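# Summary of structural features
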Amino acid sequence: MRVWLAKIVGLVALLAFAVIAFVWLLLAAPMFSDMRRDLLERILSEQIGRPLLVNDDVSVALGRTSYIYVGGVVIPSLTMPESALVELNLLELELDIAALANRRLHFDNLAVEGLQANLLTTEDGTTSWRKGEPTPKPTSEETVSADDQKEVASADGSDETDTESSGILNFLSDKNVSFKSIGLNIDDKVSGFSFVFDLQSLVLEQVDNGQRTQVSGSGSVNGQVFEIEGDYPRDAPFTTRASFGEMTVSYDGEPFSADEGGGYRAVLEMDTGEFGDFLDVVGLERVLEGNGQLQAELVSRDALKIEAFTTAVSLEDGQKLEAEGSIDDLYNAQGVDLLFNVRLHPEGRPPPAAKSIQELKFTGFEMHMVGSLASFEFEKLLFQTNAFDQGLDVIGPASIESIRRMPDGRLAMLGIALQAGPIEEPVLKAEGEILDLLQLRDVTFDGVLNGPAKLVLPNLDEDYVDQFGGIKADFNISNAGGPVSLNRFNATTYDTDLWALDLALSVNELKGLAGLDFDVELDVDDSAQFLNALKLQPVGIGALAIDAETSRQGEDFDAAIKFEAGSSHLLAALDARFPEGASVVRGNITSNRLDLNDLKNLTSVLDQLKSLVGETSREPEAEVQPLVLPKETDFQPLVLPKEKGKPADLLDVQRVLREADIEVQIEFNEIVGQQGVTSASSQLSAKDGTVDFGPLQMAYGGGNFSLRAVMDLVDSPDWLSLSGSTSGWEFGEILDELGIGIDAYGRLSGEFNVSGSTASGKDFINSMGGKASLSMSQGYISTSLLELAGLGILPWLFSEEFRQGYTDITCVVAPVEIQAGRVSSNSIVIETGSVQLVAKGQVDWLNDTITIRAEPRRVGKPLSRSAWPFDVTGQLTSPKFKLDVGGSRNKAPEGADAMPVDRQPCVPDVNQLQ
């Protein structure tokens, strides 16, 4: 019995030794290496929910708690066979044997050394960590029906993605893990962003009996120092702190209970520190300096929702961007409601008001964006400049295909599409891109405008909408070369007999009008009907036609404009050069026939048309809305001009004239519409800051004008000098025009040289200074009262003038001096064959006073008594006339009492005494 017992014990011991030896061989012997790898690969693959490969050996240290050492672990990418999702040099795991005996496999206290993870996304959206199709683009909320929701949800692969990504995380969630020498490469070809994490250590530690997970790590991201600390209690508030260089991030929240549906609520706070460092971290060009803050309240349940967020970025030059809003689904960019407010200048220090196009600057904009990334609207879009504001209340729907980092570090917005008008028949459609979003450079848009004429004629009467037809235009605008260029704008009207418009325009540089090509033809058959349709006052100008062609290439500019209104024709041709220095302009303006009534009517038409572009305070009869996405109306006009200013205000005529070398000839061969005016010719020139208009030669009946206007825009830009002469005016006709019923004849002529302020016509008259003179010779007037005043009653009774009933006028000379509202003269002379009347005095129209003294005497008798001198005094508006009863005498100059033999007519006789 004992022998059998000894044999049995020996056999069991031998078997035990054999089993131990076999297990030892299985776990350590090289011959079983493949078996160990296959077994561990299968177990770990089941644990993390995706394939795992072990390329090196697997060794096990047995004990109550056994240790497993694994080398060369690879988690391959199922979508990118050439790239591993995760690689690690060494993996150490603790295996709980007691738990294994109870059929529960549990690993803990993982130690990882030399880990490299690659989260890659190709240009078609394929990712290295998903098994399904490429990530779908966000889908417009408006374009997906309720019946398609399940299909869309299935197509986006969100359930599968959650399972794949959560498998590894679930495996690690209840374990203590220590990482050393970690590399994480995130390279997204869709967004263009790339992040390289180089972490010296990362630790996941289970504390409080597994009721709390703590995370800590340090290293660098894209060369910037990175640190992270996290505390995640189970079913309790959690905290996260991270820093990238100077940028700090906190993410604190608390989970919802199972009864509340799970998920969590959190607050994200971020301070970028120096904004340029932030741009360095994310791999963008360092084109901005300053700082920024972000605060957001997030809720994660079925989707990640931003209930509210605010952000502010302040740049070192004083610019500031503020944004606030909410996003219902952050992952798919759905339910977006964002409000942006951007100030492009230091607070309280806007740029000076622009006086020219060259000085125009954007000062800010406001934008309210709603919808999704795939389909959104601008409920408010207001651009502000230092000259005017331009706002659009609603524009959309619009979409953005992607916002991505370009290879050269610029942030780009690609695949921008927008439209306005009825959804089924949009009046505006445009597509484009912004290749440098941070600096708003390299912007390109192509678009088409097609809709009823009421789009650009908001006051159009509803009864005329069909008659005005439609307008179609295509355009391309960009600033890819630096300055903003309108590369193409072609417009034409259709389905209308009331008016016709053909327009072709391109401008290589809007700011300087470089490379300008402009060709427009406008024809209106009935201007009165045209204005009536616009709810304006009809003007009977008849047909109106404008044909203009301009072009600018480099330094050369050419323009030809043909204008026809009623029976009038006008042609203007200009040739100009714009070198580095002063511009050189040569041209001519001619007309074979110009009806001044047509010109007056045209001025009235243009004045009324100002109301269509917001230049008058005329109240529209109905509320006019800007270009919108109409829901219930047929169409609405394009823009809502603001009253602050207008782009046209930026044309600085003085600056153009001051810097240019201009010579323009003006010739009107036939002028009708004003009695007596027959023709006019002149020349406009400007050089070295001096503008010279004239001489303007104008024929008026039997008389003519010669007028010259000169301005010095350098030393006295607000001062105008006028000089010239006039002759041939019939004295009798002037008396008739003045309502003086005295028959008279004589040809008047005059000269003048005056100057004054150009602030207004009234200011010019009141500040005017200079000299003028009026003269007449060989005339007559049908009264002999002048002879009576100079000869006395008896000589007058026997005079020739009394018998014939009129008086021959030998000459009239009236030199005056003008000074700031006052006209004065010391020797106004009216002379007949027998009498010389000499007057002197002044008229002050500013102070409403007049003081004139007139003395008639026999010709050649300056020392004789003037029988009836008279004075005109008092208010200019109500003068008093007084005869000096008893007469007056002149005092002879010392030693002079004889008239010369060669006496001069119309020179005061007393001044001719010898």
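Nothing here was measured: the structure is a model prediction, and the numbers come from that model.

Cut-offs and rules
- Residues numbered from 1 in each chain as written.
- Predicted model: local features only at pLDDT ≥ 70, side-chain atom pairs only at ≥ 80, totals over all residues.
- Heavy atoms only, no water.
- Phe/Tyr/Trp six-rings, centres within 6.5 Å; stacked < 30°, edge-to-face > 60°.
- Helix = DSSP H or I, 4+ residues; strand = E, 2+ residues; numbered from the N terminus.
- Buried < 20%, exposed > 50% of the residue type's maximum accessible area, 1.4 Å probe, protein only.
- pLDDT = per-residue confidence, 0-100.
- Contact = heavy atoms within 4.5 Å.
- Pairing = 2+ DSSP bridges.
- Salt bridge = Lys/Arg side-chain N within 4 Å of Asp/Glu carboxyl O.

### Describing the packing of aromatic side chains
Considering all chains together, one arrives at 10 aromatic pairs under this definition. Note on F197 and F226: the rings are 5.7 Å apart at their centroids and 90° apart in plane angle, and the pair reads as edge-to-face. Here F197, found in strand 7 (residues 194–207), pairs with F226, found in strand 9 (residues 224–233); they are 29 residues apart in sequence, far enough to count as distant. Pair check on accessibility: F197 and F226 agree, each one buried. Measuring from ring centre to ring centre gives 6.1 Å for Y232 and F238, while their planes differ by 35°; the resulting arrangement is tilted. Put simply, the rings of Y232, F238, Y251 and Y264 pair up and form one aromatic cluster.

### Concerning the confidence of the model for the chain
Close inspection of predicted coordinates is inappropriate in any region flagged by low pLDDT. Overall, the prediction assigns the chain a mean pLDDT of 76, with 75% of residues at 70 or greater. The weakest mean pLDDT in the chain belongs to strand 32 (residues 640–641) at 37; the strongest belongs to strand 12 (residues 264–271) at 92. Long-range and interchain partners of residues 135–165, a stretch whose pLDDT sits below 50, account for 32 contacts in this model, where long-range means more than four residues apart. The low-confidence segment residues 613–651, where pLDDT is below 50, has 88 contacts with residues more than four positions distant or belonging to other chains.

### A word on the pairing of strand 11 (residues 247–255)
Two elements, strand 10 (residues 239–244) and strand 11, share four bridges in a ladder whose sense is antiparallel. Residue pairing for strand 11: S243 is matched across the bridge by T248. Counting the residues in the hairpin turn of strand 10 and strand 11 gives two residues, including G245, whose phi is positive at 60°. Bridge analysis of strand 11 against strand 12 gives eight bridges, and the strand direction is antiparallel. Each residue of the ladder has a partner; that of D252, found in strand 12, is V267.

### With respect to the pattern of salt bridges
This structure, assessed with the given rule, holds 20 salt bridges. Note that R410 is salt-bridged to D442, the shortest N-O span being 2.3 Å. Of the two residues, R410 sits in the loop between strand 20 (395–405) and strand 21 (411–420) while D442 sits in strand 23 (residues 441–452), which places them 32 residues apart along the sequence. Pair check on accessibility: R410 and D442 agree, each one buried. A salt bridge links D871 to R853, with the nearest nitrogen and oxygen atoms 2.9 Å apart. Here the residue D871 occupies a position in strand 45 (residues 870–875), and R853 occupies one in strand 44 (residues 849–858), the gap between them amounting to 18 residues. One network of salt bridges, in which partners are shared, links D277, D280, R286 and E289.

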